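# Survey of secondary and tertiary structure
Below, each chain spelled out in residue letters.
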Amino acid sequence: MPATIIDGKQVSASIREELTAKVEGLKAERGLTPGIGVVLVGEDPASQSYVKSKEKTAESLGIYSKTIRVPAETSEEDVLRLVREFNSDPKIHGILVQLPLPPHINENSVIFAIDPKKDVDGFHPVNIGRLHIGEDCYVPCTPAGIIELIERTGVELKGKNAVVVGRSNIVGKPVAMLLLSRHSTVTICHSRTRDLAAECRRGDILVAAVGKARMITADMIKPGAVVIDVGVNRIEGGKLVGDVDFEGALDVASAITPVPGGVGPMTIAMLMKNTVLAAERSLK
Ligand code: NDP
């Protein structure tokens, strides 16, 4: 039987519906409109398009959004000033600095300047630390979306072997930590892993977050595994594909996310979820 397709568009639509109701409630009962502040430095087309979809989604949910667009030459000090302004703006509950930043700006300095209470991307060390020790925090959006997708398949994570390919700070490491906190036995693979195929084949859950088109082939997947494909790769002809050979994997996996339409739509939904959560927490 071919694998079930995990439909990220559908799951994210139902999360957005839940959020719309929550936002309406906050406005009506508490007089509070959740707000997100975005800083976009430069004209990178991918970043511009991500920011546009974030603005559009925020608007559709009734969330106030304010984007500050500045040229690529803007100094680090000026970007830090914008972050501090958002930190002290009571209308803004969540702050997002669109990455990557131009090379003359130190990304960590900017991320560290965000008030952890408004760090809806979950990249501030305070939130990363809290994630590691199992305290309440803002969970990075893509990893949070991945867990949501797995959990909505009804698959139990406790005791399962979970293999994560990729160890970035924004996807691989946090998703591994979330799987561990749900009692999976977690293996993290990377570019120096010796026998990647053998490691992958041990995964009841396989998360691919590498950025290499179709590098995970059917023979690397354990029969019946749940496969989450985070990769977004543009191949010749302009088509978008994931890190997993989707067609081949369909015959081996029990469930798989497509690219596009899998993890991608979840990321923005989780960003909005974190923003609404930040607004709710601001009332306490
Ligand atoms: P990074 O480039 O930061 O990390 C890639 C990871 O893959 C690294 O840990 C690297 O290992 C590992 N890697 C590279 N080559 C191999 C290999 N041959 N075998 C095993 N591991 C390898 O990427 P990101 O984590 O930021 O993103 C990964 C993918 O996910 C990209 O395609 C990106 O576009 C996509 N993405 C999608 C999102 C969404 O919303 N759908 C959000 C974020 C990312 P090493 O550490 O040793 O270098």
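Our structure's up above, just so we're on the same page.
These notes cover the structure that comes with them. Here the structure is a predicted model, which is why all the values come from computation and not from measurement.

Across the junction of Leu-99 and Pro-100, the peptide omega takes the value 0°, indicating a cis bond. Locating Pro-100 in the fold gives a position in the loop between β4 (94–97) and α4 (107–113). In this structure, Pro-260 follows Val-259 across a cis peptide bond, with omega equal to -5°. With respect to the element layout, Pro-260 can be found in the loop between β11 (255–256) and α10 (263–282). A positive phi angle is found at His-183, which is not glycine, with a value near 70°. With respect to the helices and strands, His-183 occurs in the loop between α7 (172–181) and β6 (185–189).

A separate point is the sheet that holds strand β5 (residues 161–165). Read from one edge of the open sheet, six strands run β1-β11-β8-β7-β5-β6, paired in parallel fashion. Both edges of this open sheet fall to β1 (4–5) and β6, since each of them pairs with a single strand only. Across two bridges, β1 lies against β11 in parallel orientation. Pairing of Ile-5 across the sheet is with Ile-256, part of β11.

If you check the shell around the ligand, you find 22 residues, and the closest are Arg-167, Ser-168, Ser-191, Val-232 and Thr-267. Between the ligand and the protein, one listed contact pairs an oxygen atom with a side-chain N or O atom of Arg-192 at 3.4 Å. At 3.5 Å, a backbone N or O of Val-230 approaches an oxygen atom of the ligand. Taken together, the residues that form the shell around the ligand break down as 10 nonpolar, nine polar and three charged.

What counts, and where the lines are drawn
- Residues numbered from 1 in each chain as written.
- Predicted model: local features only at pLDDT ≥ 70, side-chain atom pairs only at ≥ 80, totals over all residues.
- Heavy atoms only, no water.
- Helix = DSSP H or I, 4+ residues; strand = E, 2+ residues; numbered from the N terminus.
- Pairing = 2+ DSSP bridges.
- Near = heavy atom within 4 Å.
- Polar contact = N/O pair within 3.5 Å; in protein donor to acceptor, adjacent residues only side chain to side chain.
- Nonpolar A, V, L, I, M, F, W, Y, C, P; charged D, E, K, R; others polar.

Honestly, that's just the spatial picture; any functional story needs more than this.
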